[in-house]
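# Residue-level structure breakdown
Here are the chains, one letter per residue:
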Amino acid sequence: MNALLPTQFSSNITSLIGGKASSPSGHQLPVFYPATGQQIATLHEADADEVDQAVKAARRAFDTTDWARLPVEKRQELLLAIQAKIIAHADELARLECLNLGVSMRELRERHVKRAAYNFRFFAEYIGQTKGDVYDQTTGYRSVVVREPVGVAALIAPWNAPTALASMKVAACIAFGNTCVLKPSEQTPLALRCFVDLLHEAGVPDGVVNIVNGRGSVTGEALVNHPGVDRISFTGGTETGRRIMSQAGLRLKPCTLELGGKSANIVFASADLDRALDAALVSIYSNNGQQCLAGSRILLEKSIADDFIGRFVERAAKIRIGDPMLDETELGPLASSGHRDRVLSFADIAVGEGAELLTGGKAASLSGDLAGGYFVEPTAVFAKSNSSRVCQDEIFGPFAAFLTFDSYEEAIGMANDTQFGLVSYLWSDHLPTVEAASRDLKSGVVWVNTTMTRELRAPFGGYKDSGVGREGGEASEQFYTEIKTVTTPTRPITVKKIGISD
Ligand code: NDP
């Protein structure tokens, strides 16, 4: 038992199938606390057999119990019970997530866990209002269009916000009457394993939500390729997304892919510059810089650039790096040593490309237990051009790249000149600029004069290599339901008689 883990939590992380925890067996993988580099748990990987059992358990729950046909009031009660359970265990979930991810407890409690709880409330309310369609234009006939649960979904979550992102998938999936097999990243299994236990305590029937733990190349592949899976919802890197979609295509299984980003944060001289500055810092350095929707390319109108960058760098250098368990910490460690090394390699790449290193660019050295942690200083560079790697590659760390522009056309041209198109941030108090840019930006979301503000009712997802499909109220309903048209005559019809001639 590791002293850092809550007392009731086992440091042997296994899968949970049909309501039962698997016994520890199979390939073992170490799980680390990124703030110290210390191993805190051991993950026991689910192999193809275990994945098969999980999919079969989900299929049984879907086909042979009343789960898929539960009255909406009962389903709402259950979703609200899950919300209450998450709120009651918010500290425990935040602590487990912190131990895996190194994001500060404060951010985890205030954003991630709150959001996880709200996801269930949101879908509880949403399903109370869903409706079908009626077509009665064809004389003598009525066609009723209904939506039905699909079956078993494979839900694959990344390591950068495991509970916040996976809970959205689980909530949407079960709200519409499906069952699922959830696969977290092998780096961050702790909080999600606890989360699935909490779902069962809240009353989710056995087999409805199963979790398999292990590497993407083993457990993930077995899940994606399992013939019993009807839908795949994936959040992660673009290359993994390509692979999953091509595998799903062979079996004609619909998937949604929420992938990477290299989002432009465009600040016009007409913006409220104090607010834009606060937001630019939050957009790149929150969640330790590890977020697909980070405002990682900061595009400044030339007339304001020197002053803006000067103030940004001054503030970035004062960000409090340290123990993610402490409330005052603003930047914790990166999630793994390998990821830290990758992020830091971009400082050399930037300099090699002729960029100016404005601040950071090296590992942050802390003392005591934290000396072994994967800390990186908040980093910012002034890039030579938008075609440089620091402006095109998703770095996924506390690493901002600045560019400047002279005209509206140049700003939008640079913003759109990327393989990605997840979100854009736009700062201006000049209405025609806002209207034009909201139209011209090629991204799934445009946030105007605000930091990231997820509206769950609205679709979320990316243009171009940032994804396929959307998540959100109606978008999730469409993904997690099959649509069926039932056509009935409104009075007895006369059927043409065939086969009656002698
Ligand atoms: P990966 O694509 O490596 O992994 C995502 C998940 O997929 C993990 O659970 C991983 O398992 C699993 N996986 C990996 N390979 C396979 C495979 N062949 N078959 C099935 N599953 C597989 O991404 P990261 O975990 O590194 O996450 C970071 C990425 O996610 C970033 O690029 C980021 O932009 C993107 N992201 C996108 C978001 C969005 O909403 N658009 C939100 C958050 C992140 P394991 O880790 O165990 O190998």
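Everything that follows concerns the structure shown earlier in this document.
Let me begin by describing the structure that accompanies this report. (Residues numbered from 1 in each chain as written. Predicted model: local features only at pLDDT ≥ 70, side-chain atom pairs only at ≥ 80, totals over all residues. Heavy atoms only, no water.)

Looking only at helices and strands, the protein has 15 helices and 21 strands in total. Its C-alpha atoms give the protein a radius of gyration of 25 Å, within 12% of the compact-globule value 23 Å for 502 residues. When the backbone C-alpha atoms are referred to their principal axes, the protein occupies close to 90 × 60 × 40 Å. For the protein, the residues scored as buried account for 56% of the 502 residues in total. As displayed, the protein has an accessible area near 20,900 Å², and 51% of this comes from carbon and sulfur atoms. Averaging the locations of the 50 positively and 59 negatively charged side chains of the protein gives two centres separated by 6 Å. (Helix = DSSP H or I, 4+ residues; strand = E, 2+ residues; numbered from the N terminus. Rg over C-alpha atoms; globule rule 2.2 N^0.38 Å. Buried < 20%, exposed > 50% of the residue type's maximum accessible area, 1.4 Å probe, protein only. Areas by Shrake-Rupley, 256 points an atom, 1.4 Å probe, with all protein chains shown as cover. Lys, Arg positive; Asp, Glu negative; His and termini not counted. Charge placed at Lys NZ, Arg CZ, Asp CG, Glu CD.)

Next up on the list: the environment of His-200. On the secondary structure map, His-200 appears in helix 6 (residues 190-201). On a C-alpha basis, the gap between His-200 and Ile-82 in space is 8.8 Å, while along the polypeptide they are 118 residues apart. With residues up to four places along the chain from it excluded, the contact list for His-200 reads Leu-16, Gly-19, Pro-205, Asp-206 and Val-209. In terms of polar contacts, His-200 uses its side chain to reach the backbone carbonyl oxygen of Val-196, at 2.8 Å. (Contact = heavy atoms within 4.5 Å. Polar contact = N/O pair within 3.5 Å; in protein donor to acceptor, adjacent residues only side chain to side chain.)

This paragraph deals with the sheet that holds strand 18 (residues 423-427). The strand order across the open sheet built from 7 strands is 15-16-17-14-13-18-19, with neighbouring strands paired in mixed fashion. Only two strands of the sheet have a single partner each, and these edge strands are strand 15 (356-359) and strand 19 (445-448). Pairwise comparison of adjacent strand axes, ignoring direction, gives a mean angle of 25° for this sheet. Judged from the 4 bridges that link them, strand 13 (residues 264-267) and strand 14 (residues 297-301) form a sheet pairing that is parallel. For Ala-264, the partnering residue across the bridge sits in strand 14 and is Arg-297. (Pairing = 2+ DSSP bridges. Axes fitted to C-alpha atoms, helices over the stretch in contact; angles between N-to-C directions.)

As a further point, take helix 11 (residues 337-352). The terminal C-alpha atoms of helix 11, which comprises 16 residues, lie 23 Å apart, in line with the 22 Å expected from a rise of 1.5 Å per residue. Those residues of helix 11 that sit buried are His-339, Arg-340, Val-343, Leu-344, Phe-346, Ala-347, Ile-349 and Ala-350. The inward-facing, buried residues of helix 11 contact strand 16 (379-382), helix 12 (389-392) and strand 17 (399-405). Gly-354 sits one or two residues past helix 11 and shows a positive phi near 90°. (Expected span 1.5 Å × (residues − 1).)

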